[in-house]
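Coordinates in review
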Amino acid sequence: MAGRMGAPRPRCRLAAALPGQLAVAALLTMVNAAAAQELVRFDRAWPVMGTLVQATALAPDTATARAAVGAAHDAITLADSLMSTWNPGTELSRLNDAAGDGRWIALSPESLEVIRAAIAWAERSDGAFDPTVGPLVRAWGFHGGAGRVPPELELDSLAALVGWRGVELGGGETSGGPAGAARLAGAGMELDLGAIAKGYAADLAVNAMARAGAVGGMVDLGGQVSVFGPAPDGGAGWPIGVRDPTNPKEILGRVTVDGGSVATSGDYERFFEVDGRRYSHLIDPRSGRPAEGIAQVTVVAPSGMDADALSTTLFVLGPEEGAAFLERWAPDATAIWIRTPEGDEIGEGDVVVSGAGAGMVDIE
Ligand code: ADP
Ligand code: MG
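Residues numbered from 1 in each chain as written. Chains lettered and ligands numbered in written order. Predicted model: local features only at pLDDT ≥ 70, side-chain atom pairs only at ≥ 80, totals over all residues. Heavy atoms only, no water.

Re the overall build of the protein
- Looking only at helices and strands, the protein has eight helices and 19 strands in total.
- Here the analysis covers contacts within the protein between residues at least 6 apart in sequence; of these, 62% occur between residues at least 24 apart.
- Surface summary for the protein: the accessible area is close to 16000 Å², and the carbon and sulfur share equals 53%.
- Side chains of the protein give 27 positive and 45 negative charges; the mean places of these two sets differ by 3 Å. (Helix = DSSP H or I, 4+ residues; strand = E, 2+ residues; numbered from the N terminus. Contact = heavy atoms within 4.5 Å. Areas by Shrake-Rupley, 256 points an atom, 1.4 Å probe, with all protein chains shown as cover. Lys, Arg positive; Asp, Glu negative; His and termini not counted. Charge placed at Lys NZ, Arg CZ, Asp CG, Glu CD.)

Thoughts on unusual backbone geometry
- Residue Asp233 is not a glycine yet carries a positive backbone phi of 60°.
- Positionally, Asp233 belongs in the loop between strand 8 (224–228) and strand 9 (238–243).
- A positive phi angle is found at Asp275, which is not glycine, with a value near 50°.
- Counting through the fold element by element, Asp275 comes out in the loop between strand 12 (271–274) and strand 13 (277–280).

Here's the deal with the site of ligand 1
- Close to ligand 1 lie 19 residues, the nearest being Ala128, Asp192, Ser265, Arg270 and Ile283.
- Between Asp130 and ligand 1, the recorded distance is 2.9 Å, taken from a backbone N or O atom to a nitrogen atom.
- Across the complex, the protein chains shield 95% of the 570 Å² of accessible surface that ligand 1 would expose by itself.
- Ranked by residue count, the leading element in the shell around ligand 1 is helix 8 (residues 304–329), at three residues. (Near = heavy atom within 4 Å. Polar contact = N/O pair within 3.5 Å; in protein donor to acceptor, adjacent residues only side chain to side chain.)

Comments concerning the nonpolar core
- Ranked by internal contacts, the top residues of the largest apolar core, which has 50 residues, are Ile115, Leu193, Ile196, Val299, Leu310 and Leu314.
- Residue contacts for Val299: discarding those within four places in its chain leaves Ser261, Val262, Ala263, Ala307, Leu310, Ser311, Leu314, Ala333, Thr334 and Ala335.
- Ranked by size, the runner-up nonpolar core spans 25 residues in total, among them Phe42, Ala68, Ala201 and Val219. (Core = buried A, V, L, I, M, F, W, Y, C linked by side-chain atoms within 4.5 Å. Buried < 20%, exposed > 50% of the residue type's maximum accessible area, 1.4 Å probe, protein only.)

A few points about the coordination of the magnesium ion (ligand 2)
- Within the protein, Ala195 (O), Asp308 (O), Asp308 (OD) and Thr312 (OG1) serve as the donor atoms for the magnesium ion (ligand 2), at 2.2 to 2.7 Å.
- Spacing between the donor residues of the magnesium ion (ligand 2) along their common chain follows A-x112-D-x3-T. Here Ala195 is found in the loop between strand 6 (181–184) and helix 7 (197–211), whereas its partner Thr312 is found in helix 8, with 117 residues between them in sequence. (Donors = N, O, S within 2.8 Å, 3.2 Å for Na, K, Ca; no water.)

Considerations on the pairing of strand 6
- Bridge count for strand 4 (residues 105–106) against strand 6 is two bridges, and the pairing is antiparallel. Across the sheet, the residue bridging to Ala106 is Ala181, located in strand 6.
- As defined by bridge partners, strand 5 (residues 167–169) adjoins strand 6 across three bridges and the pair is classed as antiparallel. Counterpart to Leu169 in the pairing with strand 6 is Ala182. (Pairing = 2+ DSSP bridges.)

Details of the sheet that holds strand 11 (residues 260–266)
- Ordered in space as 2-3-7-8-11-16-17-18, the eight strands form an open sheet in which the pairing is antiparallel. Edge positions in the open sheet fall to strand 2 (40–48) and strand 18 (351–355), since each of these has one partner strand only. Pairs of neighbouring strands in the sheet enclose a mean axial angle of 10°, with direction left out of account.
- Where helix 8 meets the sheet, its contacts fall on strand 8, strand 11, strand 16 (294–301), strand 17 (334–339) and strand 18, and the angle it forms with strand 16 comes to roughly 120°. (Axes fitted to C-alpha atoms, helices over the stretch in contact; angles between N-to-C directions.)

Pasting the structure below:
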């Protein structure tokens with residue numbers, strides 16, 4: 001629908017300079033400012049996790065920059081080989097296969113760290129974020145195949161399979177059983193780290209770059225970006241595009257961050273439409289239905305794992321409930337919500353910003 005009633009709403013542009021890692025990153029930038037001129041930049045892109053990874057390393061010489069990007073590649077490959085649920089051989093797939101049969105599955109420290117964080121966000125958000133939402137995601141057709149609106153009765157019966165309290169961690173963490181192992185309480189339960197593992201992988205990758213000798217770097221895992229160190233070309237920070245959810249090939253504006261992470265969840269990543277209504281892959285586990293009213297949420301935070309989990313959580317909560325949630329649980333993060341616009345274009349009134357850096361976001 002092209003026509004709109006009344007006065008045309010102003011089209012929107014975004015600009016922001018946000019501290020992701022505050023003092024530490026600022027200091028690092030200052031220390032490295034003089035050296036930044038002589039840094040060598042190395043870029044590489046490759047496919048993984050159903051997306052394209054783009055990595056950039058800044059280092060004193062080409063060999064180090066190259067090695068740093070190689071280290072980022074290995075870190076992401078490791079995270080994928082542990083936590084993907086698309087690949088049947090991963091330890092997470094084994095955990096899901098054993099759901100309800102009582103067996104404890106030994107997990108790597110990496111998977112355990114992400115599962116602990118996922119449980120913590122589920123608890124804080126009272127289940128708006130829930131890593132066991134998989135059966136619902138599947139019922140709506142988002143695990144391959146065609147999208148469908150499941151009958152109410154089916155959603156009611158699936159509700160019993162969703163609930164983060166059914167994720168048991170051994171060693172007395174949440175349950176008996178061996179330390180370093182986990183199990184899912186009910187048959188048919190699924191643990192899906194899709195809303196948090198990419199952020200963890202991005203952080204793992206930039207940390208690997210730093211250890212390999214890079215002075216600065218960026219890893220973009222398809223909408224999940226972590227950066228550290230000085231920006232290229234002596235800039236004030238790393239410029240990261242915020243997509244226009246009505247036209248995801250275009251950007252609405254940029255946030256410039258001097259360390260930390262930027263994560264985006266959008267309703268255009270996976271969706272289907274019935275009678276002009278859009279159903280997206282971001283499910284509100286409390287209703288069993290796709291979250292409505294929001295087209296995209298971008299979160300800037302010191303940790304990639306938290307930014308990733310928050311982008312999904314705040315998408316489900318929406319800007320009103322979400323602002324209070326942010327203040328309580330992530331006071332150093334900033335969130336930009338974009339509501340589903342009434343017409344074809346995002347207007348000023350569709351953008352809501354809240355959190356630590358809210359005052360630094362300009363909406364034109
Ligand atoms: P992206 O938009 O890049 O796919 P997100 O971080 O927004 O990534 O995560 C989306 C994935 O998270 C979905 O594909 C689904 O598997 C899972 N998911 C959907 N809703 C929720 C929820 N409420 N809590 C946790 N995970 C969810
Ligand atoms: Mg997420």
